[in-house]
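In case you want the letters, here they are:
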Amino acid sequence: MTVFGCRVCGAALTVAVSRVVLPVHANQKAGGAQGSLDPVLEPGTFAVDPLPLGPPRRRWDELGAGEAEALGWYAPRPGISGGPAGHVLLAPGDVHGAVIDLALVLDSRCCGVAGDVPNMVCAACRAPVAIRIDDCGLWQAVWLDPVATRVIEDGPGPYPVLGWTDLLAQRPGLAPSEPYGGWHPIWTAAVASALAHVLAASGGAPILIPDHRVAAIFRPVLDRLGPAGTGPERTLVLAGPGLLAVEGDVVLVPEHPQTGELWPVAPPATPIPLAWEVWRHLAFYRDPKPVGRSVPMLPEALPEQIPGYRLMPDGQIFLGVLSRLPEVRQPWLRAVYDRGRSYSYAYLAF
């Protein structure tokens, strides 16, 4: 089992957890949400962020020639963190040996705490060890500081790794609509990430989308953003476990939620990672067949309710993913990126 503890005194800080992929919505700021969102991870799991977090920070114009690309950034960002990489993300309920220290709460928001410096301390020795996130519009989370914490027990954890067949049977997709009728924030995050990869893979050529469900999600925003080239069309298709093989140039495939493995596609097709919950729903949800008016229907048997407005991908996630793809240096794609940076709100509505 994997248990994390304090590097100073060795006290355990978490329950036994299994590693999963860092979700695309891990750092999402869902505008307009009322109160905190759910825990970002399922209980009993953890994920590791490979990117640096926290101070010191540097402005883009302070970086030397080639330094940004050496750090994996290919387009200007508001600021580049020089903090430690490898923060460990957990559901708050899995952290049992750390408490919030009000003296360390430097970034208090309207309804809770947030920030990128530790605001939790080890309950045994009072060393700062983690960042607690709990504010409106943010996913509830705890981030363990990689400098102040370490693995004290290592093993496979409570959840075995599932094969693709077992994933299909045990991990259903996520409906796109929330109870209040809006788009689920995981959908806005997952589509934003996939959209960045689709544009990068397109090379600026027009994109054809044969599947009407995939087209309903991606077509409107692609029409707004481009590509607007005149070369041969590139076909965007859906592929993965349980689906019949379909030829395409750009292929939306599921990312294994535990290992990060992508469903393999044959070259020269380009795989586009899509979060499992969204891919699973797109691939297998089908509207129920209508029945006669004399046959009563339970509420849960009614057809899926799609939000009444088009999906607007999360703009911050789109720009963040695009800025780490070398293709963003192409003039046409850099123009898309720069146009998005000029918008201050969270969603890609330009």
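Above this text is the structure in question.
Procedures and definitions
Residues numbered from 1 in each chain as written. Predicted model: local features only at pLDDT ≥ 70, side-chain atom pairs only at ≥ 80, totals over all residues. Heavy atoms only, no water. Axes fitted to C-alpha atoms, helices over the stretch in contact; angles between N-to-C directions. Helix = DSSP H or I, 4+ residues; strand = E, 2+ residues; numbered from the N terminus. Left-handed = near helix turned anticlockwise from the far one by under 90°. Contact = heavy atoms within 4.5 Å. Nonpolar A, V, L, I, M, F, W, Y, C, P; charged D, E, K, R; others polar. Buried < 20%, exposed > 50% of the residue type's maximum accessible area, 1.4 Å probe, protein only. Core = buried A, V, L, I, M, F, W, Y, C linked by side-chain atoms within 4.5 Å.

(A) Up close: the packing of helix α6 (residues 315–322) against helix α7 (residues 331–341). Put simply, α6 and α7 touch, their axes get as near as 10 Å, and they point 145° apart. Between α6 and α7 the crossing geometry is left-handed. Together, Phe318, Leu319 and Leu322 of α6 and Leu333, Val336, Tyr337, Gly340 and Arg341 of α7 make up the contact between the two elements. Across the contact of α6 with α7, the residue classes break down as six nonpolar, one polar and one charged.

(B) Layout of unusual backbone geometry. Residue Pro55 is joined to Pro56 through a cis peptide bond whose omega torsion reads 0°. Here Pro56 shows up in the loop between β3 (45–52) and β4 (57–58). Of note, the amide linkage connecting Pro267 to Pro268 takes the cis form, showing an omega dihedral of 10°. By the secondary structure assignment, Pro268 is in the loop between β14 (250–255) and β15 (270–275). Within the chain, Arg126 stands out as a residue other than glycine whose phi angle is a positive 70°. Mapped onto the elements, Arg126 comes out in the loop between β8 (120–122) and β9 (128–133). Note on Arg126: relative accessible area 46%, which makes it partly exposed.

(C) Examining the nonpolar core more closely. Formed by 66 residues in total, the largest nonpolar core has its most connected members in Phe218 and Phe318. Per element, the largest residue contribution to this core is 13 residues, and it comes from helix α3 (residues 185–202). With near-sequence residues (within four places) excluded, Phe218 lies in contact with Val191, Ala194, Leu195, Ile209 and Leu252. Listed in part, the 17 residues of the second largest apolar core include Leu13, Val88, Leu90 and Val95.

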